[in-house]
Amino acid sequence: MKKKLLLNIPQILIFIIAMALIYAPVIVIFIMSFTNTYNISTIGLIKDGHLNLTFKWYQSLFTSDYSALNIASKYIENINQLKTAILNTFMVTIFSTLISTILGTLFAIGIHSFSKKIRTYLMLLNNMPVVSPDIVTGFLLLLVFVLFETIFGLRRGFTTVLLSHIFFSIPYVVLSVMPALNQIDPNTYDAARDLGCSRFSAVTKAIIPSILTGIITGATFAFTMSIDDFVITMFTSGTEFYNVSTWIDSSMRRGFIPKSVYAYNVIIFSIAMIVVFVSRLKSNKKIKELN
Amino acid sequence: MNDTLALTAKSANIKKLKTTRSYVIPYLIWCFIFIAIPALILIFLAFSNYDFSLNQEVTITFKNWTYVFGSEYARVVFWPAIGRSFLISFIVTIGCLLLGYPVAYLMHTIKPKYRAIIMALLVLPLWSNQVLKIVSWRTIFAILDLNSREFYEFNIVIAMISMYLPFMILPIYTVLAKIDEKVIEASYDLGCTKIQSFIKVTLPLSLGGIVSGIIMTFLPSLTTFEVSDVISNYTIVLLGNLIYNRFKGTGGFNVGSVFSIIAIAFTIVGFVTVMRVDKEGETLI
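Just so it is clear, the structure is predicted and the values come from calculations on it, not from any experiment.

How each quantity is defined
- Residues numbered from 1 in each chain as written.
- Chains lettered and ligands numbered in written order.
- Predicted model: local features only at pLDDT ≥ 70, side-chain atom pairs only at ≥ 80, totals over all residues.
- Heavy atoms only, no water.
- Helix = DSSP H or I, 4+ residues; strand = E, 2+ residues; numbered from the N terminus.
- Buried < 20%, exposed > 50% of the residue type's maximum accessible area, 1.4 Å probe, protein only.
- Contact = heavy atoms within 4.5 Å.
- Areas by Shrake-Rupley, 256 points an atom, 1.4 Å probe, with all protein chains shown as cover.
- Lys, Arg positive; Asp, Glu negative; His and termini not counted.
- Charge placed at Lys NZ, Arg CZ, Asp CG, Glu CD.
- Rg over C-alpha atoms; globule rule 2.2 N^0.38 Å.
- pLDDT = per-residue confidence, 0-100.
- Buried area = accessible area lost by both parts, 1.4 Å probe.
- Salt bridge = Lys/Arg side-chain N within 4 Å of Asp/Glu carboxyl O.
- Core = buried A, V, L, I, M, F, W, Y, C linked by side-chain atoms within 4.5 Å.
- Axes fitted to C-alpha atoms, helices over the stretch in contact; angles between N-to-C directions.
- Parallel < 35°, antiparallel > 145°, perpendicular 65-115°, else oblique.
- Left-handed = near helix turned anticlockwise from the far one by under 90°.
- Nonpolar A, V, L, I, M, F, W, Y, C, P; charged D, E, K, R; others polar.
- Patch = residues over 30% accessible without salt bridge, like charges linked within 9 Å, V, L, I, M, F, W, Y side chains within 5 Å.

**Q** Break down the overall build of chain A for me, citing the residues and quoting the values.
**A** When helices and strands are counted, chain A shows 14 helices and 0 strands. Listing each helix as α and each strand as β along chain A from the N terminus yields α-α-α-α-α-α-α-α-α-α-α-α-α-α. With the C-alpha coordinates aligned to their principal axes, the bounding extent of chain A is approximately 70 × 70 × 35 Å. Buried residues in chain A amount to 52% of all 291 residues. Taking all contacts inside chain A whose residues are at least 6 apart in sequence as the whole, residues at least 24 apart take part in 70%. Put simply, chain A shows about 14100 Å² of open surface, and 68% of that area lies on carbon and sulfur atoms. Once the 23 positive and 13 negative side-chain charges of chain A are each reduced to a mean point, those two points are 9 Å apart.

**Q** Break down the overall build of chain B for me, with residues and values.
**A** A count of helices and strands for chain B gives 13 helices and 0 strands. When the helices and strands of chain B are listed from N to C terminus, the series reads α-α-α-α-α-α-α-α-α-α-α-α-α. The C-alpha radius of gyration of chain B comes to 25 Å, more than 25% above the 19 Å expected for a compact globule of 285 residues. Along the three orthogonal principal directions, the C-alpha set of chain B runs to about 70 × 65 × 35 Å. Relative to its 285 residues, chain B shows a buried fraction of 52%.

**Q** Can you explain the confidence of the model for chain A? Please cite residues and give values.
**A** The share of residues in chain A with pLDDT of 70 or more is 91%, and the mean pLDDT across the chain is 87. Per-residue pLDDT stays below 50 along residues 1-6 of chain A; that stretch engages in 7 contacts with residues further than four places along the chain or on separate chains.

**Q** How would you summarise the interface of chain B and chain A if you had to cite specific residues and measurements?
**A** Taken together, the contacts link 90 residues of chain B with 98 residues of chain A. For the pairing of chain B and chain A, the buried interface totals around 8900 Å² over both sides, and the portion due to carbon and sulfur atoms is 78%. At the boundary of chain B with chain A, the tally comes to 1 salt bridge. One salt bridge connects B:Asp229 with A:Arg253, and the closest N-O pair in it is separated by 3.4 Å.

**Q** So what about the side chain of B:Ser212? Which residues, and what values?
**A** Along the chain, the position of B:Ser212 falls in helix 10 (residues 207-223). If we skip the residues at most four places from it in the chain, B:Ser212 touches B:Pro171, B:Val274 and B:Thr283.

**Q** Before we move on, could you go through the pattern of salt bridges and cite the residues and values that matter?
**A** Where charged atoms from two side chains of opposite charge approach closely, those side chains can pair. Residues and elements named next belong to chain A. Scanning the entire structure with this criterion turns up 4 salt bridges over all chains. One salt bridge connects Glu149 with Arg156, and the closest N-O pair in it is separated by 3.7 Å. Among the salt bridges present, the one from Arg253 reaches Asp249, with a minimum N-O distance of 2.9 Å. Here Arg253 pairs with Asp249, and both are found in helix 13 (residues 244-253), just 4 residues apart, close to one helical turn.

**Q** Provide a residue-level description of the nonpolar core, including the pertinent values.
**A** The nonpolar side chains of a soluble globular protein tend to be buried, and buried together. In this structure, A:Phe235, A:Val261, B:Phe78, B:Trp137 and B:Phe259 are the most contacted members of the largest nonpolar core, which totals 123 residues. The dominant element in this core, judged by the number of residues it contributes, is helix 7 (residues 152-178) of chain B, at 16 residues. The next biggest cluster of nonpolar side chains, apart from the first, holds 53 residues, and it includes A:Val173, B:Ile35, B:Phe271 and B:Leu284.

**Q** I'd like to hear about the packing of helix 7 (residues 134-152) of chain A against helix 8 (residues 158-183) of chain A, residue by residue, with values.
**A** Residues and elements named next belong to chain A. In contact at an axis separation of 11 Å, helix 7 and helix 8 are set at 135° when each is read in the N-to-C sense. When the axis of helix 7 is compared with that of helix 8, the two are oblique. Regarding helix 7 and helix 8, the two cross each other, and that crossing is right-handed. Contacts between helix 7 and helix 8 involve Thr137, Leu141 and Phe145 from the first element and Thr160, Leu163, Ser164 and Phe167 from the second. Here the residues of the contact of helix 7 with helix 8 sort into 4 nonpolar, 3 polar and no charged.

**Q** I'd like a description of a nonpolar patch on the surface, backed by residues and values.
**A** Where nonpolar side chains cluster on the molecular surface, the patch consists of A:Leu87, A:Met91, A:Ile94, A:Phe95, A:Leu98 and A:Ile99 and spans about 540 Å² of accessible area. As for its placement among the helices and strands, A:Ile94 is situated in helix 5 (residues 73-112).

**Q** Lay out the packing of helix 3 (residues 63-70) of chain B against helix 13 (residues 253-277) of chain B in plain terms, naming residues and giving numbers.
**A** Residue and element names in this part refer to chain B. Their axes nearest at 9 Å, the elements helix 3 and helix 13 cross at an angle of 65°. The angle between helix 3 and helix 13 falls in the class roughly perpendicular. By crossing handedness, the relation of helix 3 to helix 13 is classed as right-handed. Of helix 13, the residues touching helix 3 (which contributes Asn64, Trp65, Tyr67, Val68 and Phe69) are Asn254, Val255, Val258, Phe259, Ile261 and Ile262.

**Q** Mind laying out the side chain of A:Thr89, listing which residues take part and the relevant values?
**A** Relative to the assigned elements, A:Thr89 resides in helix 5. Setting aside chain neighbours within four positions, we find A:Thr89 in contact with A:Ile227, A:Asn243, A:Val244 and A:Tyr264.

Right, here's the structure in full:
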């Protein structure tokens, strides 16, 4: 088996091409975050081989005093906006992850207790937003929020963005929790009730601990989808609220993206890399212990 | 005695069902608010002249549809955009499949230790901001001197493959991982060569993942607007741009709704196809 793999050059070649395509923009972001120039002019510098390396974009994220960083004053306003965008992104992501994980888990438990036929229908309903392209989901949510605005006077902003992030995250939580529910003993709930648990604590004390890995997977999905969302936020945010993605988009339409956002992106990516690496090490250790 | 036991079991079962089944009620209300209501508004907007202004005389009309499908606008903007969208999405999907299947197969056959690394490599780019990645592709094309009108379509295809490739690889891998090794061994025992075994056993068994992967790459590439906007500097119009431009402009919701219904029609076709090969939705995550 191993020998066959070593000899399979076309497969390795395709793998390298695939990885190059996926990682090319990631690497460019990394390089751009350390270069001194503002935008398009950087390209000329890369071509000439003159790269002025700098950490100032990273520093600009952690200070409000830009005087030492040699950043043109007209860009300072943009960097302050970016900080608001980062704060907004995290507020939405943290709340939507928490709420959608709780709701998604309860919905999954509810769906699971039905017969197989009804369960299939409910899962069909659940999977619709997953397959639906972002632009369709975004447009439909926008229509609901326009209605909300007419009826309740709810203006588009943080609340509507949070609601829509919860909306598109729940199906992923349900999909992640369902396999875990399929694996636990169907009598878990009854056993807990017989042992004196109330209806609610039977769920929180018996079912939830046994499906915890599924819940964590679901929460990870919800977090990943929310922190990077662009299209749905674009449709539901109105004119005043923005997250990092919609802020990048509007900066680009103005023709200029401050490089601090490249630095922000590298930081987030590095944290994700460390988390993945550590969790890998842990699971490898577990496998070894099991063996 | 047995009867009483059965009865107790039955009533316990009913009690269980009653309590956790009720969790579905808020879910259904939630879906009603965020799926059923907007769907109704969408249909209403597509078949009327209502534009959210007050004291407006609402009439039911097919005007929006004839505008989209049969006017001068249709000839100059709509049909070319649809044609272009389909061509680009088709090439992107084929490209993703040709690159994605071998990678998924490699993940399936490689040692678990390396498989975990490839898996991490595929998931990590999702943590890099998608808009910034598209902007970076434009930078790459500028460095390569490809940032001009005649290369825009090609550039869009490359950027889309780069973005959607993981969504092709992961569902195919999920399905490949479930194939029982014994089935493959049996095919060898029955005299298949490696290639025969792959074509006759592995490939048909992984069809569900291929279908999911195709839908999960085709639909996003058909409906994206940011890739074409950024890469082509707002010159190339695809189906997604049609919808987005209506939403951005004022009073374009009626025609925008028609475009959305078209996109939803494609989505439903895709959705039904995926659900036929994967009832549990396991290939969706």
